[in-house]
Each structure stands twice: as structure tokens, then as C-alpha cells.
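# Report on the structure
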Amino acid sequence: MDIELIKTFLEVKDCRHFGKAAENLYLTQAAVSTRVRQLEKYFNVTLFQRTRNNIQLTPAGEKLVPYAELMINTLRMAKQDIAISTEKVAHIYIAGTPNTWDVYIHDAISKIYSNEPQISLIAEILSREQLTRQLLERTLDVAILFDPPKVEELKIESLHMFNLIPVTTFNNKVTSPADLQRYIMIDWGTSFTHWHAKEFSDISIPAIRTSTARIALDLMLQCGGSAYLPDMLAKPFIEQGKLFKINALPIFKRELFIAFHKENENEERIIDIKNLLRKDEPEAPAIMSPQ
């Protein structure tokens, strides 16, 4: 099978539009349609439901997605391993869930980049399910996440503990969750969600829900709002008077973990990275600090 057929399938899946997929792949729309038909012929199934301005995966298409992603990731890893086989460079693929980037990985990557010149990094944002699957498939070396999977094949270690503090842009007295204005619910993982549901049963419906602190912070600074943010992220904005800490509401302690496969061939390098990440307290990424 031509691997380009798989790449085209994934691009259409992401774009949900043949024309946009064609633009991204520098192909004609007819070429994209032809490739999808070839793939459908190969598997003898229909991969997409095609209606006007609405391209959706069929059940068969949904089943193909993880296999297609595995094929692309495996091929990419093979190319990189072959390319660096004659060089003294370790290739490390690191990924995390959206909010781990906001509070930790941005800072972590800069440390690795500065201190480990013999490590070639690939860094991405993935869902918790993708992280677990790729760790088990060994196409991912290191995962940084809040709720690690309890899987025997993986090594899970605590990396950092930080406080999530309630903050707001409104300088008014808050004595209970019901007093919060324009509350933004940020996804800080399963344990936070359970705690939040218990402690904030009387809170009003969130103005918005998001998986990244960056989106919440931008909205708060531009339009006003309230949310739970990491202390190191909120501190500079509190000092400048752009955010106010809500002392009447509780703080939530959140633990961050590092995960990698027990039989990863780069374990020595991964341990070096883990120790490097634990050296200092992470700071708010420069892109999220007040200007």
C-alpha cells in the first residue's frame, strides 16, 4: 500500500473537507478524492460519509484511524532512527496533554534544549488516550500528564506538585462559588473534576470550558473572568494587579507525572531528562507572562 494514501486519509479526517486537505497536501481536490477511493477499494469499505459541506468518518473509517496513525508514527520513527544511526544523537519523542504544556512542558523543553545537545527532540500535544496508546506501542518515549494510566508495562513517577489557585479579574468580594463572575472551567484532569464537582456544587454554569490555561488566561485578561490557575502562572499577573486571588475559596494541589515504557531503549536518556526536569521549580512560560 502507498503510505501517501494513509497520509491523505488522515488529512481529510482532520480537515473534514477534501478541498482543505488538498491545499494542505499541495494536491488537487481530484487527486485527494482519488487517493481516498483507492484506500476504500483496498479495504473494500466506505471510509467517509460525503454530504454537502459535511465530511464524517464512517464506523469503518473510525476503526482505521488508530492503525493509520500507528503506521505514520512507526514510519517516522524508522526514518529518524535510520537517519541518526551513524550519529551520536538520541532521538526522544515527548508529549503531554494540553494543560501540561501550559504549566510545565514549555519550561521543560527549554531546559532539555539548553542542557542536552546530544538529544534530538520531537514535542507534541496529545490526548490522554493517545499518550497511553503510543507509550504502550513504544512510538512515544515520554509522556507528561496529570492522570497517569495504571498499566503494568509503564513506569510512572511523580514529577512536580503545584497549587491551583482561584483568581479573578474582578475586584469584588467573593465569599462563595456562587459569587464568581464569568467563571471559566479549565480541565485540570479527573481528580480536579471530581473535587470541583463536590466543592462547587452551587457554582453557576461556566461561561466557557477549555482544556488549556492559555485560552482561559487570554479570555480573562481581554474580557474579564474567573478561573483556577497554577500559582506560578497567576503570580506575575497578581503582582501587576491584573488578577486578584480569591482567598475565600480553597486551593487545589495538583500532581504532575512522567510516564515511559519499562523496556524503552532510551531509558538512560529518559532518566537524565527526568532528573533535569526535577532540578528547579518551573516558571511560567515566557509566552504567558505579562508584557
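Residues numbered from 1 in each chain as written. Predicted model: local features only at pLDDT ≥ 70, side-chain atom pairs only at ≥ 80, totals over all residues. Heavy atoms only, no water.

### A few points about the overall build of the protein chain
Scanning the protein chain from terminus to terminus reveals ten helices and eleven strands. Put simply, the protein chain has 291 residues, and 47% of those count as buried. Excluding contacts between residues fewer than 6 apart, the proportion of contacts in the protein chain whose partners are at least 24 apart in sequence is 75%. Put simply, the protein chain shows about 15,500 Å² of open surface, and 50% of that area lies on carbon and sulfur atoms. Each charge class in the protein chain can be summarised by its mean position, and for the 34 positive and 37 negative side chains these summaries are 4 Å apart. (Helix = DSSP H or I, 4+ residues; strand = E, 2+ residues; numbered from the N terminus. Buried < 20%, exposed > 50% of the residue type's maximum accessible area, 1.4 Å probe, protein only. Contact = heavy atoms within 4.5 Å. Areas by Shrake-Rupley, 256 points an atom, 1.4 Å probe, with all protein chains shown as cover. Lys, Arg positive; Asp, Glu negative; His and termini not counted. Charge placed at Lys NZ, Arg CZ, Asp CG, Glu CD.)

### Let's talk about helix H6 (residues 128–137)
When H6 is considered as a whole, its buried residues turn out to be Leu131, Thr132, Gln134 and Leu135. With its phi angle positive at about 65°, arginine 138 sits one or two positions after the end of H6.

### Here we look at the pattern of salt bridges
Applying the stated criterion across every chain yields a total of ten salt bridges. The partner of arginine 50 in a salt bridge is glutamate 40, with the nearest N and O atoms 3.2 Å apart. A residue pair is termed long-range when its members are at least 10 positions apart, and arginine 50 in strand E1 (residues 48–51) and glutamate 40 in helix H3 (residues 29–43) qualify at ten residues. Judged by its relative accessible area of 40%, arginine 50 falls in the partly exposed class. Between glutamate 69 and arginine 133 there is a salt bridge, with its nearest N and O atoms 2.8 Å apart. Note that glutamate 69 is positioned in helix H4 (residues 59–83) and arginine 133 in helix H6, a separation of 64 residues in sequence. Assessed through its relative accessible area of 26%, arginine 133 is described here as partly exposed. Taken together, the salt bridges that share partners define one network made up of Lys13, Asp14, Glu69, Arg133 and Glu137. (Salt bridge = Lys/Arg side-chain N within 4 Å of Asp/Glu carboxyl O.)

### Some points on the environment of glycine 61
Along the polypeptide, glycine 61 turns up in helix H4. In sequence terms glycine 61 and leucine 47 are 14 residues apart; their C-alpha atoms lie 4.3 Å from each other. Setting aside anything within four residues of it in sequence, one finds glycine 61 in contact with Phe9, Thr46 and Leu47.

### Notes on the packing of aromatic side chains
With the rule as written, the count across this model stands at 13 aromatic pairs. Each ring, one from phenylalanine 146 and one from phenylalanine 162, has its centre 6.1 Å from the other, and the planes form 55°; the classification is tilted. Of this pair, phenylalanine 146 sits in the loop between strand E5 (142–145) and strand E6 (154–168) while phenylalanine 162 sits in strand E6, and the two are 16 residues apart along the sequence. The class for phenylalanine 146 is buried, based on a relative accessible area of 5%. Given the relative accessible area of 3%, phenylalanine 162 is considered buried. Ring pairing ties together the aromatic residues Phe192, Trp195, Phe200, Tyr228 and Phe252, which thus form one cluster. (Phe/Tyr/Trp six-rings, centres within 6.5 Å; stacked < 30°, edge-to-face > 60°.)

### Observations regarding the nonpolar core
Ranked by internal contacts, the top residues of the largest apolar core, which has 51 residues, are Ile144, Trp188, Phe192, Tyr228, Leu229, Leu243 and Leu277. In terms of residue count, helix H5 (residues 98–115) provides more of this core than any other element does, seven residues in total. Excluding anything up to four places from it in sequence, tyrosine 228 contacts Leu164, Ile165, Pro166, Tyr183, Ile186, Trp188, Phe192, Trp195, Phe200, Leu249 and Pro250. The next biggest cluster of nonpolar side chains, apart from the first, holds 18 residues, and it includes Ile6, Leu47, Ile55 and Leu57. (Core = buried A, V, L, I, M, F, W, Y, C linked by side-chain atoms within 4.5 Å.)

### Description of helix H10 (residues 267–277)
For H10, the full list of buried residues reads Ile270, Ile273, Lys274, Leu276 and Leu277. For H10, the buried positions fall inside an angular range of 165° around the axis, keeping them on one side. (Arc of directions from axis to C-beta.)

### Examining unusual backbone geometry
Residue asparagine 44 is not a glycine yet carries a positive backbone phi of 60°. Following the sequence through the fold, asparagine 44 ends up in the loop between H3 and E1. The residue arginine 182 is not glycine, and still its phi comes out positive at about 45°.

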